[in-house]
Amino acid sequence: MSVVSAFGVGLLQNLRAGLRLAVFRRVERQSFSVTVEQLVALVLIYLLLGFLSDLAEYGFEGRFIPWGLPGALFYLPLLLLAAYIVSRRGQDAALAVLIPVAVMAVGEWIAVVSAVLGLLLDFDWIDLPESSLALLYAGPPLWWLLTSGFAALSLTRGGLRARLLEAAIVAVAISVPLVLLPRPSTAPLWMTNDEGWSGGTQGTHSYAWASEAAFYAQPDILRRNLAAVRAGRRGIEEMYFVGVAGYAAEDVFRDELKVVKDLYDRRFDTLGRSISLINNPGTTLQSPIASVTSLQRTLIRVGRVMNRDEDVLFLYLTSHGSDDHRFALEFWPLRLRDLEPVALRAMLDKAGIKWRIVVVSACYAGGFIEPLKDERTLVITAADAHHTSFGCGARSDFTYFGKAYFDQALRTTYSFTAAFDAARHSIEAREQAEGRTRSNPQMVIGPEMARKLGAMERRMRAVTHATR
């Protein structure tokens, strides 16, 4: 047998043994081909899997990101150190290479499963409730931690107490980098050029908030955007638009908000009376970030400059949502508070905004209805309080609700309620055709707001006909 063939046989032997460990089946030492060359090959395979996952997500029109390598290999020095400590404790030199080989062989299978699940979610091929996503993202790291400890327990010798301690040493070596530098937060190994991973001081990326420029610019960006919001004109019922794109890790929320704001500026005359709060790596030097604090300050500013007895606020929130009815405001590495329905109601009341249209596009968004509804408020949600909505993901331009309500229905009518009815039917048909569980969009309108919006709709139609 040639050297290359023998190496290939050894690699397959390691992968088979790793698969057994991945499902918590015991293996013997002779199940592995233990050489430094095999360890290097397993590490390279692990990097290749990460690269292919990024390539599948972002497409071929991109480039290799070399500074993603340190994050992808952050675990390796600690793993080697742990294996060395275990080998010295048991006076068993073979463990210094055997344990890293076994742990990496397990890691290949976990990386494959993690990548496949991630792609299924990114391409919207599977539907999971928001409450399951945290478990999905935490599952593979926890799986690798447990199987690494199990591998050490199976391969070490001596008393049970000593083996358990050595298994714990290996598990800690794996868990530390997974906790401190999880894969989704590191630089990818491949990304499209427009994602901003330039590697220089001007680049924006997942660490965008860690840059000095963004850190000092954001307060001024918020002040300038708030100062630009114009005062209302007496005797004219005008609309103010505030948009919030809450989740930085997916561009769909930023992109959707941009289209919606443009639509309102042109069709509903909010130009000069509109502001967007965006969590996204590409906008940290242009737009205020979306946080509870920035939203509160924005609402206070709008409440001060609008004519409170006449003007209407249109507040649009788009992000992920949880089954305990929290609207996600996330921009790693910042620790932002999620937006809760009761807190939003308190902010609107404190700002003195009397007439309110609040549209929440998120899973379980129906949980916002009860805390927000009153005589002068229209509340529209992309889902009820018990179901998910659809359309987020790396390849999405719009959420299902955003597409149906804003990009389709509101381009043909000035009625927010009629647009909702049209969008709801469109969404139900799409969900049924795709075999999805109904999101069940909701709408509640107070009687005073219904009368006011009827008058505003007639005025906007008259203005449109007069300008044709």
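Residues numbered from 1 in each chain as written. Predicted model: local features only at pLDDT ≥ 70, side-chain atom pairs only at ≥ 80, totals over all residues. Heavy atoms only, no water.

A. Expanded view of the overall build of the protein. Secondary structure assignment for the protein yields 15 helices and eight strands. The 468 residues of the protein split such that 51% are buried. Taking as baseline every contact in the protein between residues at least 6 positions apart, the subset at least 24 positions apart corresponds to 73%. (Helix = DSSP H or I, 4+ residues; strand = E, 2+ residues; numbered from the N terminus. Buried < 20%, exposed > 50% of the residue type's maximum accessible area, 1.4 Å probe, protein only. Contact = heavy atoms within 4.5 Å.)

B. Layout of the nonpolar core. Core analysis: the largest hydrophobic core is formed by 38 residues, its most contacted members being Tyr-264, Phe-314, Ile-357, Tyr-405, Phe-406, Leu-410 and Phe-416. Of the residues forming this core, the biggest block, six residues, is contributed by helix α9 (residues 251-267). Setting aside chain neighbours within four positions, we find Phe-314 in contact with Met-239, Tyr-240, Phe-241, Val-242, Tyr-264, Ile-357, Val-359, Phe-406 and Phe-416. Listed in part, the 37 residues of the second largest apolar core include Tyr-75, Leu-79, Ala-83 and Val-103. (Core = buried A, V, L, I, M, F, W, Y, C linked by side-chain atoms within 4.5 Å.)

C. Main features of the packing of aromatic side chains. Within the structure shown, the criterion is met by 20 aromatic pairs. On the numbers, 6.1 Å between centres and 15° between planes, the contact of Phe-241 with Phe-314 is stacked. With Phe-241 in strand β3 (residues 239-245) and Phe-314 in strand β5 (residues 312-318), this pair connects stretches of sequence that are 73 residues apart. Each member of the pair, Phe-241 as well as Phe-314, is classed as buried. The structure contains a cluster of three or more aromatic residues connected by ring pairs, namely Phe-241, Tyr-264, Phe-268, Phe-314, Tyr-316, Phe-401, Tyr-405, Phe-406, Tyr-414 and Phe-416. The ring of Tyr-400 carries Arg-430 above its face, with NZ or CZ at 3.6 Å from the centroid. For Lys-452, the ring lying beneath its charged end belongs to Trp-355, and the centroid distance is 4.8 Å. (Phe/Tyr/Trp six-rings, centres within 6.5 Å; stacked < 30°, edge-to-face > 60°. Lys NZ or Arg CZ within 6 Å of the ring centre and 35° of its normal.)

D. Unusual backbone geometry, seen in detail. Backbone geometry places Gln-91, a non-glycine residue, at a positive phi of 50°. Phi is positive for Asn-440, close to 60°, though the residue is something other than glycine. Relative to the assigned elements, Asn-440 resides in the loop between α14 (416-433) and β8 (442-445). Accessibility expressed as a relative area gives 23% for Asn-440, which makes it partly exposed.

E. Highlighting a nonpolar patch on the surface. Taken together, the side chains of Leu-78, Leu-81, Tyr-84, Ile-85, Val-172 and Val-176 define a hydrophobic patch exposed on the protein surface, amounting to about 470 Å² of accessible area. No other element matches helix α4 (residues 75-89), which puts four residues into the nonpolar patch. Of note, Val-176 is situated in helix α7 (residues 160-180). (Patch = residues over 30% accessible without salt bridge, like charges linked within 9 Å, V, L, I, M, F, W, Y side chains within 5 Å. Areas by Shrake-Rupley, 256 points an atom, 1.4 Å probe, with all protein chains shown as cover. Salt bridge = Lys/Arg side-chain N within 4 Å of Asp/Glu carboxyl O.)

F. Geometry of the side chain of Arg-29. By the element assignment, Arg-29 lies in the loop between α1 (3-22) and α2 (36-58). Among the residues examined, Arg-29 registers a relative accessible area of 16% and is labelled buried. There is a polar contact of 2.4 Å between the side chain of Arg-29 and the side chain of Asp-92. When sequence neighbours within four positions are dropped, the list of residues in contact with Arg-29 reads Asp-92, Ala-94, Leu-95, Leu-98, Leu-155, Thr-156 and Arg-157. (Polar contact = N/O pair within 3.5 Å; in protein donor to acceptor, adjacent residues only side chain to side chain.)

G. Looking closely at the environment of Ser-274. With respect to the helices and strands, Ser-274 occurs in strand β4 (residues 274-278). A relative accessible area of 15% places Ser-274 in the buried class. Considered as a pair, Ser-274 and Leu-313 are 39 residues apart in the sequence and their alpha carbons are 9.7 Å apart. When neighbours within four sequence positions are excluded, Ser-274 is seen to be in contact with Phe-241, Lys-261 and Asp-265. Within the structure, Ser-274 has its side chain in polar contact with the side chain of Lys-261 (distance 3.3 Å). At a separation of 2.8 Å, a polar atom in the side chain of Ser-274 contacts the side chain of Asp-265.

H. Main features of the environment of Arg-308. Following the sequence through the fold, Arg-308 ends up in the loop between α10 (292-305) and β5. Those residues in contact with Arg-308 that lie beyond four places of it in its chain are Gly-303, Ala-351, Gly-352, Lys-354 and Trp-355. Of the polar contacts made by the side chain of Arg-308, one reaches the backbone oxygen of Gly-303; its length is 2.7 Å. Of note is the side chain of Arg-308, whose polar atom sits 3.4 Å from the backbone oxygen of Ala-351.

Read these as geometric descriptors, not functional statements.
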